Every structure is written in structure tokens, then in C-alpha cells.
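# Summary of the model geometry
Residues per chain, in single letters:
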Amino acid sequence: MKLLTLTLLTITASAQPAGIFEGRGDLGITPKTGSLEFDPATSEYRVTGGGANIWAAEDAMYFAWKHLSGDITFTADVHFLGTGAAAHRKAVLMIRQDLTPGSAYADVALHGDGLTSLQFRPAFGAQTQEIRSTVAGPTRIRIERRGNSFTVFAGMPGAELTATAPQVVQLSDPVYLGIAVCSHDANVLETAVFSNVQVTQSRSAAPPQRYRSKITVYDLASKSATTVYQADEVIEAPNWSRDGKFLLVNTGGSLFRLPVAGGIEAKLEKIELGPGGYRCNNDHDFSRDGRLLAFSASSPTSRQSQVYLAQADGAGARLMTPLAPSYFHGWSPDGKWLAFVAQRDGKAFHLFRVSVNGGEEQRLTSQGPYDDGPEYTPDGKWIYFNSQRSGGWDIWRMPVDGAGSEDAKAEHVTNDELEDWFPHFSPDGKWLLVFSFPKGTENHNGKMEGVQLRLMPAPGRKLKPAKLEVLTTFFGGQGTINVNSWSPDSKKFAYVVYEPLK
């Protein structure tokens with residue numbers, strides 16, 4: 001608490017206006033004092049800052065800010081001076097809740113080596129996460145706030161800017177909007193120049209959209225769905241335990257057990273993953289024998305998702321994919337392999353596998369802009385996945401050792417107007433469950449009306465035209481179903497229905 005008080009006094013004491021900004025100063029632990037020079041003739045801001053990082057649970061930087069409310073578009077041309085001591089020095093356009101080092105925030109960060117990303121801390125003291133831009137070394141960056149949805153853009157002045165996927169960060173008005181520089185090496189200072197700084201706003205911003213999560217079990221025999229648990233927060237991606245007694249879900253960056261019986265007395269039971277500072281996403285599941293748990297998470301040592309393997313109770317987590325981003329999706333039936341999706345060239349997402357004993361990852365696909373959701377068939381002969389390689393999103397399959405040269409062994413399974421994601425086989429190998437979005441839905445990141453869960457008999461050795469039966473249509477999307485959620489007896493499966501709250 002004493003450190004927090006001293007930090008606030010430091011930035012308040014140095015606060016004074018400069019250009020459009022109301023105040024400025026060092027924020028967090030900054031052994032070297034930063035500065036800002038504003039040139040009224042050119043409207044340029046030369047910002048010099050220190051600090052170890054804008055990352056993890058606390059920030060350290062030089063920050064110039066102003067108070068704003070509502071929807072905001074914040075744009076600037078940015079470049080660093082000099083070669084720099086650290087490749088990850090940062091110049092950012094930031095929107096944050098307050099001036100504490102652990103404040104929730106979202107920013108567009110330009111790194112010294114050209115990496116550009118949407119960084120965000122979803123709550124006070126939480127671990128920072130990021131979504132990387134496909135644009136390297138831009139000189140023009142932008143962050144947009146629409147309600148509590150944040151999108152960043154990057155590119156060159158005069159050209160169309162490239163956007164990342166939006167991210168929700170709940171910030172209440174007013175917020176602190178500003179420019180910041182962090183040296184990434186606290187023993188030095190780094191300087192960046194911000195020019196053509198533009199801020200537009202609308203005070204009619206809608207409040208952040210909140211959701212009620214209804215964890216639901218579908219019974220194939222009765223063709224009925226039952227809500228087993230609900231809460232006014234986003235809960236995601238149920239997996240069925242191998243003994244059939246509980247569901248594994250994630251919320252707020254942690255994993256929880258939920259008794260299948262559910263009901264009014266049901267409570268989420270947190271799975272302790274040890275001291276790694278993991279922030280789990282919705283890609284996780286148990287091995288077929290129930291002894292091991294694979295999960296995907298970011299951490300203080302990795303800004304992007306990586307795949308980990310632990311004991312079923314969460315103990316002894318170890319890193320399986322040193323490279324990032326990587327997202328787990330499927331266990332091989334014999335428990336020897338983990339299938340995952342990863343981005344390795346800065347653009348396309350392809351499929352990989354890694355041995356549970358460790359070692360180098362093995363690439364399984366190489367064509368198309370985006371593959372996802374790899375899952376082994378129960379007989380261990382195929383990996384099914386969803387892909388955009390045919391234009392829309394369809395289900396494909398390949399042999400377990402990969403699609404071969406130029407993916408020649410990949411086979412097209414579904415092909416209709418809906419956008420198909422995340423194929424899931426029943427444990428008995430008889431059924432294939434598919435999560436389908438309305439025609440034209442670009443990705444699975446949003447939540448919307450009209451998503452469907454569809455069922456078809458498991459394909460045989462030779463593919464025939466897919467005939468999918470619609471089981472249920474509802475409001476859902478990201479988090480509804482990711483990794484396999486069938487019950488061990490193949491009679492039921494679990495998923496999440498979302499209900500927008502007013």
C-alpha cells in the first residue's frame with residue numbers, strides 16, 4: 001500500500017498540461033525520470049520515458065493524459081528516436097481506468113522492433129494480455145473504444161489501416177486517455193515522437209454489454225436441453241470429466257469444476273494451477289484416461305497463449321509449446337499427443353501436434369489462411385478440424401500424421417452456407433457434433449442470435465455428402481463450446497447459452 005501511495009504522489013506532483021493533455025508524469029516504478037516536450041508550432045509531442053514494462057500486473061512508464069468519456073477514436077503517427085537499448089521499448093496510445101500502476105486498461109503498443117499489438121489488462125492487478133497485429137513496423141496507429149469494446153489499427157499514413165479483433169475491457173467513465181513511453185530497461189530512458197495526434201469522442205456510449213451464462217446439457221435420447229447452472233457472468237467451454245461427475249469450465253482466467261447435477265446449490269470449485277500466474281482461456285480438457293489436464297493460458301512470461309500439461313488436479317503444470325500463440329484442442333486416444341492450433345509466421349494459423357513427453361512440435365497443415373479446432377477421432381485414424389481454406393468455414397479432416405505436401409491429404413467434410421467450427425466426436429465414435437454460425441460470420445469471437453449445434457453420423461473411410469441435423473438454435477458464440485464436451489457414455493453433451501443482460 002505504501003508503494004502505491006508513493007506512485008500516485010509522483011505522478012500527481014509532476015502533472016501539468018501539455019498540448020491537449022491535462023497532466024503528465026512518471027507512473028509506477030521508474031528509477032529514471034521521464035519528460036515531455038510539446039512543440040506548439042508542429043503539435044508534436046516528444047515523450048521520454050523509463051520503466052521496466054507496460055505488462056504483467058503493474059505498469060511503469062511516462063504518461064501524459066486527459067479525462068474523457070464515451071466512445072473514443074485516438075490516432076497518432078509514432079516513431080522512436082535512436083536504435084534503443086531494448087527491442088521491446090514501447091510507445092503507446094492508451095485508455096486506462098486510473099493512474100494506479102495496476103489499473104485496467106487497453107492500448108495500442110508500438111514496440112521498438114516493429115511489433116504492434118492490442119494490450120489489455122481486464123481488471124485491476126490482473127495479468128496483461130495481448131492480440132498481435134499482422135502489421136509490422138507501422139508509423140500510424142489507432143485505438144477505438146466503442147462502449148467497452150476496444151479495437152486497434154495499424155498501418156502507414158495515407159493508407160487504409162489494418163484492424164485487430166476487438167476485445168472487451170470494462171472501464172467506467174471517465175477514463176484516462178493518453179500517450180506513454182516505456183524503455184523496457186529501467187536503467188535507461190527512451191524517446192518517441194507522437195505527431196498528428198487526433199482524438200474524437202461521443203458521449204452517447206452505450207453501457208458495456210453483460211451476459212448471463214447458462215451451462216446447458218443436451219440429451220440425445222429425449223432431444224431436450226436442461227440448464228444445470230447459471231450466473232450473471234461469462235462462463236465458457238464446458239468439458240465433461242472422464243468419471244462423468246463434473247464439468248470443467250473457465251471464467252475470469254481460472255479453471256473451475258462444476259458438479260454435473262448442478263442446481264441452485266451448485267458452486268464453482270476453483271482448480272489451483274500453482275504459482276505460474278496462468279490466465280486460462282477456453283481451450284482445455286482431460287486426457288482420455290482422466291489422469292492429465294491440458295490447458296491453454298497466457299502468463300507473466302508469455303504475452304500470448306501457450307499450451308500446458310498438468311495432473312488432473314492442476315498440480316505440476318509444465319510448458320508444452322515454447323512458441324506462441326498456441327491453443328490446445330485435442331488429445332490423441334492413446335494419450336500420447338496434443339493437437340493444437342498456432343500462428344508461426346505472423347499471418348496464418350495452422351495445426352500442429354506435440355508429444356506429451358515433450359520435444360519439438362510437428363506441423364500438420366500448411367495451406368490456407370486459418371485452420372482451427374483439431375480433434376482426433378476415437379479410433380485414432382483421423383484429425384478433424386475447421387478451416388477457411390475453401391472460402392467459408394467448413395469441417396475438414398486429415399490423417400493423424402498430417403495433411404502431407406501442400407495439404408494434399410486434407411478432405412472436405414461439410415460444405416453448406418453455414419460457418420462450421422469445432423468438430424466434436426462422441427466417445428463411442430458414432431456421432432459428429434458441429435458448432436455452426438450464420439452465413440457470412442467471419443470468426444467465432446462474438447456472441448449472437450442464430451448459432452446452431454448440428455449433428456451428423458460419423459463419416460466413414462470414404463466421405464459422402466454431409467447431412468447435418470439441427471439439434472438446437474440459440475444465442476451463443478465465443479465460449480459456447482470449444483474443446484470436446486461429450487459425456488463419457490456418449491448420450492449427452494454440454495454447452496453454454498448466453499443471455500444479454502439489460
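Description of the structure in this document. (Residues numbered from 1 in each chain as written. Predicted model: local features only at pLDDT ≥ 70, side-chain atom pairs only at ≥ 80, totals over all residues. Heavy atoms only, no water.)

Looking only at helices and strands, the protein has one helix and 40 strands in total. Computed over its C-alpha atoms, the radius of gyration of the protein comes to 24 Å, within 12% of the 23 Å expected for a compact globule of 502 residues. By its C-alpha atoms, the protein is 70 × 55 × 45 Å across when sized along the principal axes. A separation of at least 24 residues holds for 53% of the contacts in the protein among residues at least 6 apart in sequence. Accessible area for the protein stands at about 20,700 Å²; split by element, carbon and sulfur atoms hold 50% of it. The average position of the 49 basic charges and that of the 53 acidic charges among the side chains of the protein differ by 3 Å. (Helix = DSSP H or I, 4+ residues; strand = E, 2+ residues; numbered from the N terminus. Rg over C-alpha atoms; globule rule 2.2 N^0.38 Å. Contact = heavy atoms within 4.5 Å. Areas by Shrake-Rupley, 256 points an atom, 1.4 Å probe, with all protein chains shown as cover. Lys, Arg positive; Asp, Glu negative; His and termini not counted. Charge placed at Lys NZ, Arg CZ, Asp CG, Glu CD.)

What follows concerns unusual backbone geometry. For the peptide bond that leads from Asp173 to Pro174, omega is -5 degrees, which places it in the cis range. Along the chain, Pro174 turns up in the loop between β15 (167-168) and β16 (175-182). Note that the residue after Ala324, namely Pro325, is joined by a cis bond; omega there is 5 degrees. Within the fold, Pro325 resides in the loop between β27 (318-319) and β28 (326-331). In the Ramachandran plot, Phe422 falls in the positive-phi region, its phi being about 50 degrees despite a non-glycine side chain. By secondary structure assignment, the location of Phe422 is in strand β36 (residues 419-425). Among the residues examined, Phe422 registers a relative accessible area of 2% and is labelled buried. (Buried < 20%, exposed > 50% of the residue type's maximum accessible area, 1.4 Å probe, protein only.)

Let us look at the pairing of strand β10 (residues 116-121). Most of β10 sits out of view: six of its six residues are buried. Residues Thr116, Leu118 and Phe120 line one face of β10 and the alternating positions Ser117, Gln119 and Arg121 line the opposite face, and both faces are buried. Looking at chain direction, strand β9 (residues 105-111) and β10 are connected through six bridges and run antiparallel. The partner of Tyr105 across the bridge, within β10, is Arg121. Pairing between β10 and strand β11 (residues 129-132): four bridges, direction antiparallel. Bridging from a neighbouring strand, Phe120 pairs with Gln129 of β11. (Pairing = 2+ DSSP bridges.)

Once that is clear, we can look at the sheet that holds β36. With antiparallel pairing, the four strands of this open sheet are ordered in space as β36-β37-β38-β39. This sheet does not close on itself; its edge strands, each paired only once, are β36 and β39 (469-477). The mean angle between the axes of side-by-side strands here comes to 25 degrees, regardless of whether they run parallel or antiparallel. Bridge analysis of strand β38 (residues 447-457) against β39 gives seven bridges, and the strand direction is antiparallel. Within β39, the position partnered with Gln452 by the bridge is Thr473. (Axes fitted to C-alpha atoms, helices over the stretch in contact; angles between N-to-C directions.)

Between side chains of opposite charge, pairing is possible as soon as their charged atoms come close. Scanning all chains against the criterion turns up 18 salt bridges. Note that Arg344 is salt-bridged to Glu361, the shortest N-O span being 2.9 Å. Remark: Glu361 occurs in the loop between β30 (349-355) and β31 (362-363) and Arg344 occurs in the loop between β29 (337-343) and β30; sequence separation between them is 17 residues. Classification of Arg344 as partly exposed rests on a relative accessible area of 24%. Given the relative accessible area of 25%, Glu361 is considered partly exposed. Between Asp371 and Arg389 there is a salt bridge, with its nearest N and O atoms 2.8 Å apart. With Asp371 in strand β32 (residues 371-376) and Arg389 in strand β33 (residues 382-390), the pair connects residues that are 18 residues apart, well separated along the chain. (Salt bridge = Lys/Arg side-chain N within 4 Å of Asp/Glu carboxyl O.)

Time to look at the environment of Val175. Following the sequence through the fold, Val175 ends up in strand β16. Val175 gets classed as buried once you look at its relative accessible area, which sits at 0%. Between the C-alpha atoms of Val175 and Leu68, which are 107 residues apart in sequence, the distance is 5.5 Å. Apart from the residues within four sequence positions on either side, Val175 is in contact with Lys66, His67, Leu68, Ile72, Ile95, Arg96 and Arg145.

With that settled, consider the nonpolar core. Membership of the largest hydrophobic core comes to 37 residues, with the highest contact counts inside it found for Phe74, Leu93, Ile143, Ile179 and Phe194. It is strand β7 (residues 71-80) that contributes the most residues to this core, five residues altogether. Each residue touching Leu93, except ones within four places of it in the same chain, is listed here: Phe74, Thr75, Ala76, Ala106, Asp107, Val108, Ile141, Arg142, Ile143, Gly178, Ile179 and Phe194. (Core = buried A, V, L, I, M, F, W, Y, C linked by side-chain atoms within 4.5 Å.)

The subject of this paragraph is the pairing of strand β18 (residues 210-219). Where burial is concerned, most of β18 is hidden: eight out of the ten residues are buried. As judged from the ten bridges shared by β18 and strand β40 (residues 492-501), these two strands associate in the antiparallel manner. For Val217, the partnering residue across the bridge sits in β40 and is Ala494. The sheet contact formed by β18 and strand β19 (residues 224-231) spans seven bridges and is antiparallel. Its bridge partner lying in β19, Lys214 is registered against Gln230. Between β18 and β19, which pair antiparallel in sequence order, lie four residues; one of them, Lys223, sits at a positive phi of approximately 50 degrees.

Remember that the coordinates give geometry; whether it matters functionally is a separate question.
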